[in-house]
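So the chains spell out like this:
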Amino acid sequence: SKQAQLMEVLKKEVRAMLIAAKGGLTPEQLEEQYMAMVCKPLPLRDLGFQSTLELVTQMPEVVRICSSKNGTLIFKAIADDSTKGIAKLVANQKVKTRGKPSKKTAVKANATFLTKNSKNPQSFQTLNAGAPVLPATVKAELQDLLSSSPLLLGDLDKAFLRRFGRAFQYRQYGFLSMSEVLRSMSDSIVVEQTKAGSLVVLRKYLANNTEQEEVSEASAAEMPPLEPICETESFYQAALLMDLEPVQTQAVNLGDHLKQRQGFEQLSPTPEIPPDAVQDKSLCSLPPLRRRCLVGVIVEFVVSPSQFYIHICSTEASYKLQDLMFEMRHVYSHKVASDKYIMPESAVRPGQLCCVMVSKWWYRVIIHRVINDQEVEVFYADYGHLQIVQKSWLRFLKWHYSKLPAQAIPCSLAWVKPVEGMWSSAAVLLFKHLCRFKELVGIVDEYVNGVLYLFLCDTSTKEDVYFHSVLRDMGYADVCGENVPSQEFEKLNPSALYVQPSGKQGSAEVVEPELRLQQDSRDADSETTTSKLDGTKL
C-alpha cells in the first residue's frame, strides 16, 4: 500500500537523520530537521499518527527512545547492517576542538595529501580542517546586530530574536555555546569583561572609540544607520554619483541627462535609469582550481550529490562578500537610493543582473524567468539557488557591486553515480547532513562543462569521513572511478547560463586555499597525490 511504502521511505530518512546526530534528537529537533531537509513536515496525518512520539514508537527497529537527565525525550538511531560503519564514525566524532596545535604538528598534518591506505585503499590520510563555521549571512547578521552598540552576552539572544524574528540556534551550526560562536568570529568580535558582565563588541566599534572612557557612551558604529536621518536628497545623489564608472564618460552622460531633465521632465513617461546601473553586464566566475589541490570548502546549497554549490573558505573572499552585503544593505535601505534604482518593466527580463531584498538583506541575482506580472524567478549568484520573488523587491545593481566574482561554485561529487539512475530522497538527505554547516576538505578532481567535480572529506572525526565512501557503503551510490556528467546540471545550470568564465579552466590563476598548507610541500606532494589516486582502485 501507499502508506507502507511511505513508512519504509520515512524509516530510512529518520535513521539517516538520527545517525548524523551524535547525541540524538528531541521530538522537536527531529521535526525541525526533517522540515529543513525535506522541505515539508513529517507526514503524521498521512500515516494516521497524532504525534512524532507515536510515529517513532512504530519504528522499534529504527529508533531507540531515551530520556535525558532533565526528563527530555531523546531519539537515537538503531543502526542496521548497512549503517553500522557510519554510526561508528559518527560516534567517534570530536565534539570540541581545544587548544592550538603546534606549528610543527600543523605543518606535518597539512603537508599530507591523498595517500593509499592498506586497510582502506580509497581513504586518504588525515587532513586538517577548521572548527564549525557560521554561514556568511549569519556572520553578517551578528555584525549588523552589534553595529549600533555593544551588547551584554546575556542579552545577545533576546536582541537577535527582536531584530531578526527568530532565535539564534547555534547548535544547528555545530557549536556548543554562544561563547564558542563568538570565539570563531574573534577577528571581528571581541568579548570584554565589565562590571555588568561580558560585553560583546565589534572590533571596529572598539577601535573607533578608544579615546572614550566608557563604551556605553559611544555613538560611532561600524555601519551608518539603516534608515535615513537628516541627510537631504541631494546628499545621497552626490554620494551615488561618486561611484560612477568610467568617471569621465559617465559624468558627461549625466550632465546631458540633467539638461534633458530640466527641459523635458514633464514629457518623460518612464523613470530614468541611473548611469551606474548594470544593464548589459554579467558576473565573472572565480578562477578555476588546480587539479588535485586541497581546499577548505563550505557547502552552501544542495540539490543532490550531483548538484550542489560551495564557497571556498578564504578569509579574503569571506570578507569581500560580507563587506559587499553590508554596503548594499546600507545603500539600498535608504529610500532615496532605493527608489532611484527601481527597475522599469522593460528591464525585468531573463539574464538581467540585478539585486533583490530578502529579510532586509540585499543579494546579487540574475533573473531566470518571468513568472507573471508580479513575480520572477531569480538565481542567487553567490549562493547557488533559485527562488521566486516579487518584482517589487528587485533593484538595478550598481556597477561597483558587479566587480566581485560570483562566489557560488557549481559542483558534483567525484567518481559516484546513483545506484537507481537518480538519487533517492534518503541519499540526498544523508548528503545534506554530511555537509551541513561544516568546513570540509575538498580534493579537486576536474571540471566538466563548467562543473567542478571534487571529493569531500569531513576531518572533524577521529577517522576521516569520505562522502563518496559513505554513499557507497549505505547502498545509495556506485563508485565508478570516473566522473559521470551530472543529469541535474545538464537539465539546468544557471551558472553556465549567466556567469562568464574567468579564464580557461586549468590555466587560470589558482584560488588559494586556506588550510594553512605550506606552498612548497603542497606543490611537492601534488605529483605524489595524483599518481597514488590514479593508481587506486575504489
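About the criteria used
Residues numbered from 1 in each chain as written. Predicted model: local features only at pLDDT ≥ 70, side-chain atom pairs only at ≥ 80, totals over all residues. Heavy atoms only, no water. Phe/Tyr/Trp six-rings, centres within 6.5 Å; stacked < 30°, edge-to-face > 60°. Helix = DSSP H or I, 4+ residues; strand = E, 2+ residues; numbered from the N terminus. Buried < 20%, exposed > 50% of the residue type's maximum accessible area, 1.4 Å probe, protein only. Lys NZ or Arg CZ within 6 Å of the ring centre and 35° of its normal. pLDDT = per-residue confidence, 0-100. Contact = heavy atoms within 4.5 Å. Disulfide = S-S within 2.5 Å. Pairing = 2+ DSSP bridges. Axes fitted to C-alpha atoms, helices over the stretch in contact; angles between N-to-C directions. Core = buried A, V, L, I, M, F, W, Y, C linked by side-chain atoms within 4.5 Å. Domains from an automatic or database assignment.

Caption draft 1: Representation of the packing of aromatic side chains within the structure. Under the criterion given, the structure shown has 13 aromatic pairs. The interplanar angle of 55° and the centroid separation of 6.2 Å between the aromatic rings of Tyr-332 and Tyr-401 together place this pair among those described as tilted. Taken as a pair, Tyr-332 in helix H12 (residues 315-332) and Tyr-401 in the loop between strand S12 (394-396) and strand S13 (409-413) lie far apart in primary sequence, 69 residues in all. Considered together, Tyr-332 and Tyr-401 belong to a single accessibility category, that of buried residues. Connected via pairs of aromatic rings, a cluster forms that spans Tyr-332, Tyr-341, Trp-362 and Tyr-401. When the ring centre of Trp-399 is taken as origin, the NZ or CZ atom of Lys-281, which lies over that ring, is 5.8 Å away. The ring of Trp-361 is capped by Arg-329, whose NZ or CZ atom sits 4.4 Å from the centre of that ring.

Caption draft 2: Highlighting the confidence of the model for the protein. Here the protein shows a mean pLDDT of 75. Residues at 70 or above account for 70%. Per-residue pLDDT stays below 50 along residues 210-269; that stretch engages in 67 contacts with residues further than four places along the chain or on separate chains.

Caption draft 3: The arrangement of the state of the cysteines in detail. Throughout the structure, instances matching the rule amount to zero disulfides. The closest cysteine sulfur to the non-disulfide-bonded Cys-355 is located on Cys-354, 6.6 Å from its own sulfur. Classification of Cys-355 as buried rests on a relative accessible area of 0%.

Caption draft 4: Highlighting the sheet that holds strand S8 (residues 353-358). Across the sheet, five strands lie side by side as S11-S10-S9-S8-S12; this open sheet has antiparallel pairing. The open sheet has two edge strands with one neighbour each: strand S11 (386-390) and S12. Taking the axes of each pair of neighbouring strands and ignoring which way they run, one obtains an average angle of 50° across the sheet. Both strand S10 (residues 375-380) and S11 contribute to a ladder of five bridges, which runs antiparallel. The residue of S11 that forms the bridge with Glu-375 is Gln-390.

Caption draft 5: Here's a closer look at the nonpolar core. With 113 residues, the main nonpolar core has Phe-168, Phe-308, Ile-310, Leu-394 and Leu-456 as its most contacted residues. Residue-level mapping places this core at the junction of two domains, with at least three residues from each of domain 2 (136-201) and domain 3 (317-402). When near neighbours in sequence (up to four residues on either side) are disregarded, Ile-310 contacts Val-297, Ile-298, Val-299, Glu-300, Gln-407, Ala-408, Ile-409, Cys-411, Leu-452 and Leu-454. Ranked by size, the runner-up nonpolar core spans 22 residues in total, among them Met-17, Tyr-34, Met-59 and Ala-77.

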